[in-house]
Amino acid sequence: MIRKSWWKLLSFVLLLYTCTYGFLVPVPSPAGVPLQETIRNLFFHFPMWIGMMVCYTVSIVYSVRFLRKPSLVNDIYAKEYAITGTVFGVLGLITGMIWANYQWGKAWSGDPKQNGAAIAILIYFAYFVLRGSLQDESKKARIGAVYNVFAYFMLFPCIWILPRLTESLHPGGRGTEGNPGLNPKDTTNAMRSVMYPAALGWTLLCVWIATLRIRVQLLQEKKLTHE
Amino acid sequence: MNNLKKIAGLMLAVLLCFTAQAQPASSEPVDFMHSNGRIYVVMAVVLAILIGLFIYVYSLDRKISKLEKS
């Protein structure tokens, strides 16, 4: 009925846990950190980025596989994982902007991490533009795969390296914690017991959606070859 | 498919029961849904979205599985 379903069920259970215990878990309120209850966004905003990075990683693996052994299936996997990753990246940006609006006063304050994430997603948008602009299927797949490798290696400087070189509104940053994403002082073990299941649950949902897209594409290809 | 309808009906019933409780009252009742600044109302909304999302993805998965078999 529903194919290889245990991890889909796991995703559902983990996200149910996240969306209930995520609201119940006691949160710390350390002095000088005016996060209050918004720290609970950690269970929803941060997993979007994890999901995005997992999708982009799977995407580049299939692009490299395509370059080693050109096959339509590899290309479909690379493209659909990149699309799903971009959807989650955009969700990450939007949730971050909502949070920033109430935490930093402005939805977009030119924070290095915000800018970096936006640039990274624009680079992936260019991947879809590039694919859409080519008519020939094999050329589309080959050039797309080469570009996807480039995009992946731009993603990591944009969201991991460059934001660490300057001060960031995100917790951490240069000179304070060195980890511009999570501040160990803001979280507790109880919060981590929600954060990691949340990241896993959202990532599994992300992969589920990507596999659905891939299966539809494969069905369409099968239909085209039959005709 | 029938099963899905049953689940959807159940969800609707659960939601209706929340809306019935959320009516503004002259004196704020002190129950679970009204405690802690009514944060559990947000929780109910998030859960409704999450369950709806999963029902949707699940039904897509079933439809694609059927197409793959035919």
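Residues numbered from 1 in each chain as written. Chains lettered and ligands numbered in written order. Predicted model: local features only at pLDDT ≥ 70, side-chain atom pairs only at ≥ 80, totals over all residues. Heavy atoms only, no water.

> Let's hear about the overall build of chain B: which residues, and what values?
Scanning chain B for helices and strands turns up two helices and zero strands. Taking all 70 residues of chain B together, the buried fraction comes to 23%. Put simply, chain B shows about 5,000 Å² of open surface, and 70% of that area lies on carbon and sulfur atoms. (Helix = DSSP H or I, 4+ residues; strand = E, 2+ residues; numbered from the N terminus. Buried < 20%, exposed > 50% of the residue type's maximum accessible area, 1.4 Å probe, protein only. Areas by Shrake-Rupley, 256 points an atom, 1.4 Å probe, with all protein chains shown as cover.)

> I'd like a description of the overall build of chain A, backed by residues and values.
Per the secondary structure count, chain A includes six helices and zero strands. Going from N to C terminus, chain A has its helices and strands arranged as α-α-α-α-α-α. Classification of the 227 residues of chain A by burial places 46% in the buried group. Long-range pairs, those at least 24 residues apart, make up 73% of the contacts in chain A between residues at least 6 apart in sequence. (Contact = heavy atoms within 4.5 Å.)

> Before we move on, could you go through the interface of chain A and chain B and cite the residues and values that matter?
The parts lose accessible area when they come together, and the size of an interface is often stated as this lost area. Counting from both sides, the interface comprises 20 residues of chain A and, opposite them, 20 residues of chain B. Taken together, both faces of the contact between chain A and chain B bury some 2,000 Å²; the carbon and sulfur share is 79%. Taken together, the links from chain A to chain B amount to three salt bridges. In this structure, Asp61 of chain B engages Arg215 of chain A in a salt bridge whose closest nitrogen and oxygen atoms are separated by 3.2 Å. Our count for the chain A to chain B interface comes out at five residue pairs in polar contact (both at pLDDT 80 or more). Elements that contribute at least two residues to the side of chain A that touches chain B include exactly α1 (6-24) and α6 (189-226) of chain A. When residues in the side of chain A that touches chain B are grouped by element, the largest group, nine residues, is from α1 of chain A. For the side of chain A that touches chain B, the per-class residue count stands at 14 nonpolar, two polar and four charged. (Buried area = accessible area lost by both parts, 1.4 Å probe. Salt bridge = Lys/Arg side-chain N within 4 Å of Asp/Glu carboxyl O. Polar contact = N/O pair within 3.5 Å; in protein donor to acceptor, adjacent residues only side chain to side chain. Nonpolar A, V, L, I, M, F, W, Y, C, P; charged D, E, K, R; others polar.)

> Pulling in residues and values, what's your account of the packing of helix α4 (residues 112-133) of chain A against helix α5 (residues 137-165) of chain A?
Residues and elements named next belong to chain A. Between α4 and α5, the shortest axis-to-axis distance is 9 Å and the interhelical angle comes to 180 degrees. With respect to each other, α4 and α5 are oriented roughly antiparallel. Grouping the amino acids of the contact of α4 with α5 by side-chain chemistry returns 19 nonpolar, three polar and three charged. (Axes fitted to C-alpha atoms, helices over the stretch in contact; angles between N-to-C directions. Parallel < 35°, antiparallel > 145°, perpendicular 65-115°, else oblique.)

> Outline the confidence of the model for chain B, supporting the account with residue identities and numerical values.
Predicted confidence across chain B gives a mean pLDDT of 75, with 64% of residues reaching 70 or more. Reported confidence for the predicted complex is 0.70 by ipTM and 0.81 by pTM. (pLDDT = per-residue confidence, 0-100.)

> Give me the pattern of salt bridges: which residues, what numbers.
Tallied over the entire structure, the rule returns seven salt bridges over all chains. Taking the shortest distance from any N to any O, the salt bridge between Asp61 of chain B and Lys8 of chain A comes out at 2.7 Å. Of the two residues, Asp61 of chain B sits in helix α2 (residues 39-69) while Lys8 of chain A sits in helix α1, which places them in two different chains. Of the residues examined, Asp61 of chain B reaches a relative accessible area of 0% and is grouped as buried. Here Glu80 of chain A ties to Lys79 of chain A by a salt bridge, and the two come within 3.7 Å at their closest N and O atoms.

> I'd like a description of the packing of helix α3 (residues 72-103) of chain A against α6 of chain A, backed by residues and values.
All names here are of chain A. Where α3 meets α6, the closest approach of the two axes is 9 Å, and the angle between their N-to-C directions is 140 degrees. Relative to α6, α3 is oriented oblique. Our pair here, α3 against α6, has a crossing hand that is right-handed. Here Leu72, Val73, Ile76, Tyr77, Lys79, Glu80, Tyr81, Ile83, Thr84 and Phe88 of α3 lie close against α6, whose contacting residues are Trp202, Cys206, Val207, Ile209, Ala210, Thr211, Arg213, Ile214, Gln217, Leu218 and Glu221. Along the lines of polarity and charge, the residues of the contact of α3 with α6 split into 14 nonpolar, three polar and four charged. (Left-handed = near helix turned anticlockwise from the far one by under 90°.)

> Please provide a residue-by-residue account of the confidence of the model for chain A, values included.
Residues of chain A with pLDDT of at least 70 account for 90%, and the chain-wide mean is 87. Confidence, read as mean pLDDT per element, is least for α5 of chain A in chain A (90) and greatest for helix α2 (residues 45-68) of chain A (95).

> Any chance you could break down the nonpolar core for me, citing the residues and the numbers?
Counting 63 residues, the largest nonpolar core has Phe43, Trp49, Met52, Leu155, Ile159, Trp202 and Trp208 of chain A as its most contacted members. Counting only elements with at least two residues in this core, the list comes to α1, α2, α3, α4, α5 and α6 of chain A together with α2 of chain B. For this core, the element with the highest residue contribution is α6 of chain A, accounting for 15 residues. Excluding its chain neighbours within four sequence positions, the residues that come into contact with Trp202 of chain A are Leu15, Thr18, Phe43, Phe44, Pro47, Met48 and Phe88 of chain A together with Leu50 of chain B. (Core = buried A, V, L, I, M, F, W, Y, C linked by side-chain atoms within 4.5 Å.)

> Let's hear about the side chain of Asn74 of chain A: which residues, and what values?
Residues and elements named next belong to chain A. Inspection of the secondary structure puts Asn74 in helix α3. A polar contact is formed between the side chain of Asn74 and the backbone oxygen of Lys69, at a distance of 3.4 Å. Each residue touching Asn74, except ones within four places of it in the same chain, is listed here: Tyr62, Arg65, Phe66 and Lys69.

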